[in-house]
Amino acid sequence: MKHVMTFDIFCFKLAQKYPLLSCSEYTAERRLKNIRLFGDIHPDRHCLHLLSWHEYTSNLKTYADCPVLLYHMPENEPLPKRNMVVLSGSCELKELVNDTSAIFAEFEEWHEKLHEAEEKKLSPETAIDRLAGYMQMEIALAAGQKKGFDYATIKKNDCDPMGIYAASPDEMTVFLNTQQEFPESFHSHSVKAYPNLYNGLVYYYNFFMEDEYLARLLGIFPDSGFASGQLRLFRYISTYVEKLYIRHYKDKYRQQKNKQFVSAVRTLLQAGEIQSQVLHNLLEPYGWQEEHTFQVIKFNQDNLAKNRYAMEFLCSSIEERFPSCCALQIDMNIFCVRNVSLENKPQEFGQNLSVFLRDNLCNAGLSNEQKNILRLPILAKEAEDALHYGPGKHPMLWSFHFSDYILDYLKDAMTEKYAPEELEHHAVRILQEHDKIHHSCLTETLRVFTEQKFSASAAANAMYIHRSTFLHRLKRIQELTHINFDNTMDRVWLTLSFFISPAEQ
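Conventions adopted
- Residues numbered from 1 in each chain as written.
- Predicted model: local features only at pLDDT ≥ 70, side-chain atom pairs only at ≥ 80, totals over all residues.
- Heavy atoms only, no water.
- Helix = DSSP H or I, 4+ residues; strand = E, 2+ residues; numbered from the N terminus.
- Buried < 20%, exposed > 50% of the residue type's maximum accessible area, 1.4 Å probe, protein only.
- Areas by Shrake-Rupley, 256 points an atom, 1.4 Å probe, with all protein chains shown as cover.
- Arc of directions from axis to C-beta.
- Contact = heavy atoms within 4.5 Å.
- pLDDT = per-residue confidence, 0-100.
- Pairing = 2+ DSSP bridges.
- Patch = residues over 30% accessible without salt bridge, like charges linked within 9 Å, V, L, I, M, F, W, Y side chains within 5 Å.
- Salt bridge = Lys/Arg side-chain N within 4 Å of Asp/Glu carboxyl O.
- Core = buried A, V, L, I, M, F, W, Y, C linked by side-chain atoms within 4.5 Å.
- Axes fitted to C-alpha atoms, helices over the stretch in contact; angles between N-to-C directions.
- Parallel < 35°, antiparallel > 145°, perpendicular 65-115°, else oblique.
- Left-handed = near helix turned anticlockwise from the far one by under 90°.
- Nonpolar A, V, L, I, M, F, W, Y, C, P; charged D, E, K, R; others polar.

**Student:** Looking at this structure, I do not really get the overall build of the chain. What am I missing?
**Tutor:** Each helix and strand counted, the chain has 18 helices and 16 strands in total. Looking at the chain residue by residue over its 505 residues, the buried ones come to 47%. Entry remark: accessible area of the chain is about 27,300 Å², with carbon and sulfur atoms responsible for 49%.

Here is the structure:
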């Protein structure tokens, strides 16, 4: 979301250096793109115009619909009834222009920090620390039924001009969390004002997860003439901090809730042993059984291993989207164990996974589905191999199933110890040497004959030659190699030979 500079935010920042007075028709929420000086060709109602008293009074109609910052106004003149603020006292125009331009630049920088906090998935505390200084307010988090603040920018040893820590912890708890005081406030999902218990303004914004109250964000600042600008900034950050808080809350809850369960699944994935009764006791609270049907999925995302928070967020997102899954980190990799037996509509998993991968810019390797949780180590290897072979052969896909790449695995496994030429049928080597000397194509003839399931008619058609011509070539092959095409072992050997090392065409 793109937040914009408004008249009240600008005035709040400018009032930190210059004394300002607002006029009767001052519009706090007017959006401002930038500043303009007198003499600009076209006045813009979305820009703030810096005008001296003389410039303003000489051009009343020109700037009638424009927000104005008025300076050098005579002391005996009444405030104009326009959408403007008046800078009382003297000022240098050059310095004023520099200061107002800096306000716009600082707002853009603050706005970038706000978006960066969400993009980098920072903790809510870190985000607040980065944002609160610009806002010139104290910001706090109050969670659950804890006494006092769960987190606050102001510390007890700091200067406390608004008396934030004047109340005892018990009084603070009543103030923040007791629903007997004003229970309706715990159902609101917009920025609201607290009863004024401090020497200033206190606003809150509730955090909800699935309609359940989690915590609230508080903004505490002095009651000044342009406090609405601070309140608007507080509104800007509220939804962002809520997202960060819920994200970290889920991660923390997930880690605490199923720590032993995840540890057991990790042990099984890594081929570790767990006593049968212990394993049963760990799985039972989650509805898992040893004989259920399981699948392992390995996820891959660019730069995922470089960001611990991103890995935790992805694990949390997987489990939130797919309740039948347990996601965990192993050696900077993310694996997901899917319990197929717990799903009502397992046939919809593939489509839902594709949408999830696209939304999170991930790839995934999927194993076969097998019964018995003790097969997880084998399934994990299948998922890894699927993710190894898949992107190279089908780079446009989001997910890759091991069953689609079994032949690729078999080919690599067969040639891992010996080079392909060491495993080929002797007939292939004989024909390759003959082709080199006589410039013939007997090797290709044998390859097509093998591919066509040793049918002479089908092979002749595939090579676009007459059947008698093909039979003549086949007879020459038998004369050179003494191969018996009726022998099952020879047929299998030839098929494997051309599979591991296809002849050049």
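Still to come is the rest of the account.
**Student:** I keep staring at helix α7 (residues 259–269) and nothing clicks. Help me out?
**Tutor:** Residues spaced three or four apart along an α-helix point in a common direction, a consequence of the helix completing one turn every 3.6 residues. Of the residues making up α7, those classed as buried are Phe-261, Val-262, Ala-264, Val-265, Leu-268 and Leu-269. Seen end-on, α7 carries its buried residues on one side only, within an arc spanning 155°. Within α7, the exposed residues directed more than 90 degrees away from the buried face are Lys-259 and Gln-260. Check the buried side of α7 and you find it contacts α8 (276–283), β11 (293–300), β12 (325–330), β13 (333–339) and α11 (376–393).

**Student:** Explain the confidence of the model for the chain here, please?
**Tutor:** For residues with low pLDDT, the predicted coordinates do not support detailed interpretation. Mean pLDDT for the chain: 85, with 87% of residues reaching 70 or above. Between residues 178–182, whose pLDDT stays under 50, and residues either more than four places distant or in other chains, the model counts eight contacts.

**Student:** Help me understand the side chain of Glu-444 in this model?
**Tutor:** Tracing the sequence through the fold places Glu-444 in helix α15 (residues 442–451). Residue classification places Glu-444 among the buried residues on the basis of a relative accessible area of 16%.

**Student:** How should the pairing of β13 be read in this particular structure?
**Tutor:** When a strand is regular, its side chains alternate between the sheet's two faces. When you tally the buried positions in β13, you get six out of seven residues, the bulk of the element. Relative to β13, β11 is paired through six bridges, and the arrangement is antiparallel. Along β13, the bridge assignment pairs Val-296 with Val-337. In this structure, β12 lies alongside β13, joined through six bridges in antiparallel fashion. By the bridge assignment, Gln-329 is partnered in β13 with Ile-334. Hairpin connection of β12 to β13: two residues between the antiparallel strands, including Asp-331 at a positive phi of 50°.

**Student:** Could you clarify how one ought to interpret the pairing of strand β6 (residues 138–143) in this entry?
**Tutor:** Along β6, five of the six residues are buried, which leaves the element largely enclosed by surrounding structure. With six bridges joining them, β6 and strand β10 (residues 212–221) adopt antiparallel strand pairing. When the sheet's bridge partners are listed, Glu-138 is paired in β10 with Ile-220.

**Student:** Would you explain a nonpolar patch on the surface in this entry?
**Tutor:** A surface patch of nonpolar side chains, amounting to about 340 Å² of accessible area, comprises Ile-406, Leu-407, Tyr-409 and Leu-410. By the secondary structure assignment, Leu-410 is in helix α12 (residues 406–414).

**Student:** Help me understand unusual backbone geometry in this model?
**Tutor:** The phi angle at Lys-121 is positive, at roughly 55°, despite the residue not being glycine. For Lys-121, the location among the structural elements is in the loop between α3 (93–119) and α4 (124–135). Look at Lys-121 and you get buried, because its relative accessible area is 19%. In this structure, Met-332 is a non-glycine residue whose phi angle is positive, near 65°. Checked against the element boundaries, Met-332 lands in the loop between β12 and β13. Met-332 sits in the partly exposed class, given a relative accessible area of 44%.

**Student:** Honestly, the nonpolar core in this entry has me stumped. Any pointers?
**Tutor:** Core analysis: the largest hydrophobic core is formed by 57 residues, its most contacted members being Phe-10, Leu-69, Trp-110 and Met-135. No other element matches helix α6 (residues 227–257), which puts ten residues into this core. Dropping the residues within four chain positions of it, Phe-10 is found in contact with Met-5, Leu-32, Leu-48, Leu-69, Thr-100, Ile-103 and Phe-104. Counting residues in hydrophobic clusters, the runner-up holds 20 residues, among them Val-262, Cys-326, Leu-379 and Ala-383.

**Student:** Where do I start with the packing of α15 against helix α16 (residues 456–463) in this structure?
**Tutor:** How two helices pack is summed up by the angle between their axes together with the distance between the axes. Between α15 and α16, the shortest axis-to-axis distance is 8 Å and the interhelical angle comes to 120°. In this view, α15 runs oblique relative to α16, as classed from their interaxial angle. At the point where α15 passes α16, the crossing takes the right-handed sense. Contacts between α15 and α16 involve Glu-444, Thr-445, Val-448 and Phe-449 from the former and Ala-456, Ala-459, Ala-462 and Met-463 from the latter. Looking at the contact of α15 with α16 residue by residue, the classes come out as six nonpolar, one polar and one charged.

**Student:** Just to check I follow, could you spell out the pattern of salt bridges for this structure?
**Tutor:** Pairing is possible between side chains that carry opposite charge, provided their charged atoms lie close to one another. Summed over all chains, the structure comprises 16 salt bridges. Arg-447 is the partner of Glu-451 in a salt bridge, and the nearest nitrogen-oxygen pair spans 2.5 Å. Residue Glu-451 and its partner Arg-447 are both found in helix α15; the two are separated by four residues, about one turn of the helix. The class for Glu-451 is partly exposed, based on a relative accessible area of 49%. Residue Arg-447 is classed as buried on the basis of its relative accessible area, which comes to 8%. Linked by salt bridges that have partners in common, Lys-17, Glu-95 and Asp-99 make up one network.

**Student:** Would you take a moment to explain the packing of α16 against helix α17 (residues 467–481) for this structure?
**Tutor:** In contact at an axis separation of 9 Å, α16 and α17 are set at 110° when each is read in the N-to-C sense. Of the possible angle classes, the one that applies to α16 and α17 is roughly perpendicular. Mapping the contact onto sequence places Ala-456, Ser-457, Ala-459, Ala-460 and Met-463 in α16 and Arg-467, Phe-470, Leu-471 and Arg-473 in α17. When its residues are assigned to classes, the contact of α16 with α17 shows six nonpolar, one polar and two charged.

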